[in-house]
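Listed below, chain by chain, are the residues.
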Amino acid sequence: MKNRIKLFGFLFRPKKDTSLQTKMIKVYSGERTINITVQVADTPKIRDKGLMFVEKLPENEGMLFVFSGETYGGFWMKNTLIPLSIAFLDLDGRILKILDMVPCKEVICPTYDPEISYHYALEMNLGWFQKNQIKESDFVKLD
C-alpha cells in the first residue's frame, strides 16, 4: 500500500516551475534605441497565461507574444493584475498599433482587438510606449 501511495504522489505531484525563456530585444524610434528584456510567449499554453497574476513588471521588461504565422484577434486582461500597453507588430517588427489595457477580475472581460493582422505582440507596463516616445511605425528588432 505504501508503494501505491508513493507512486500516486509521484504521478500527481506539482510540476516544477519552468522559467520562461527571456530575450533581450531593441526598440528603435528615429535615432533612439531602447534595450528591453522580454519573456517569450511562443506556445499556446504560455500565450494563454500571458502576464496573468503578475503583481509587478520591472521598468524595461515585458512579454513578447510570438505566433507561428499571421494572426488576428485581440487580447484580454482576465486575471491580469497590472495595467499594460500592447504593441502589435508585423513580421519585420514594425509597430502597427498600440493599445492600452486595464486589469480585469470580472467573469466577462473586454477584448482589446487591434482590428488588423499581426505576427507579434509586445506587452509592457501601461504608458511605457508613450513615456519612451515609441509610436506606430517604429521598429522592434527581434533577433
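Use the structure listed above.
Bear in mind the structure is a predicted one, so any value in this text is a computation, not a measurement.

### What to know about the pairing of strand E2 (residues 32-41)
Here strand E1 (residues 22-29) pairs with E2 via eight bridges, running antiparallel. Bridge pairing links threonine 22 to glutamine 39 in E2.

### Remarks on the state of the cysteines
Counting across every chain of the model gives one disulfide. Across the disulfide from cysteine 104 sits cysteine 109; the S-S distance is 2.1 Å. Taking the torsion about the sulfur-sulfur bond, which here is approximately -90°, the covalent link between cysteine 104 and cysteine 109 counts as left-handed. By relative accessible area, which is 5% here, cysteine 104 ends up buried.

### Some details on the packing of aromatic side chains
Taken as a whole and judged by the stated rule, the model has five aromatic pairs. The interplanar angle of 85° and the centroid separation of 4.9 Å between the aromatic rings of phenylalanine 65 and phenylalanine 75 together place this pair among those described as edge-to-face. Here phenylalanine 75 lies in strand E4 (residues 75-76) and phenylalanine 65 lies in strand E3 (residues 61-71), a separation of 10 residues in the sequence. Comparing phenylalanine 65 with phenylalanine 75, the two get one shared label, buried. Ring pairing ties together the aromatic residues Phe65, Phe67, Phe75, Phe88 and Tyr118, which thus form one cluster.

Calculation criteria
Residues numbered from 1 in each chain as written. Predicted model: local features only at pLDDT ≥ 70, side-chain atom pairs only at ≥ 80, totals over all residues. Heavy atoms only, no water. Pairing = 2+ DSSP bridges. Helix = DSSP H or I, 4+ residues; strand = E, 2+ residues; numbered from the N terminus. Disulfide = S-S within 2.5 Å. Buried < 20%, exposed > 50% of the residue type's maximum accessible area, 1.4 Å probe, protein only. Phe/Tyr/Trp six-rings, centres within 6.5 Å; stacked < 30°, edge-to-face > 60°.

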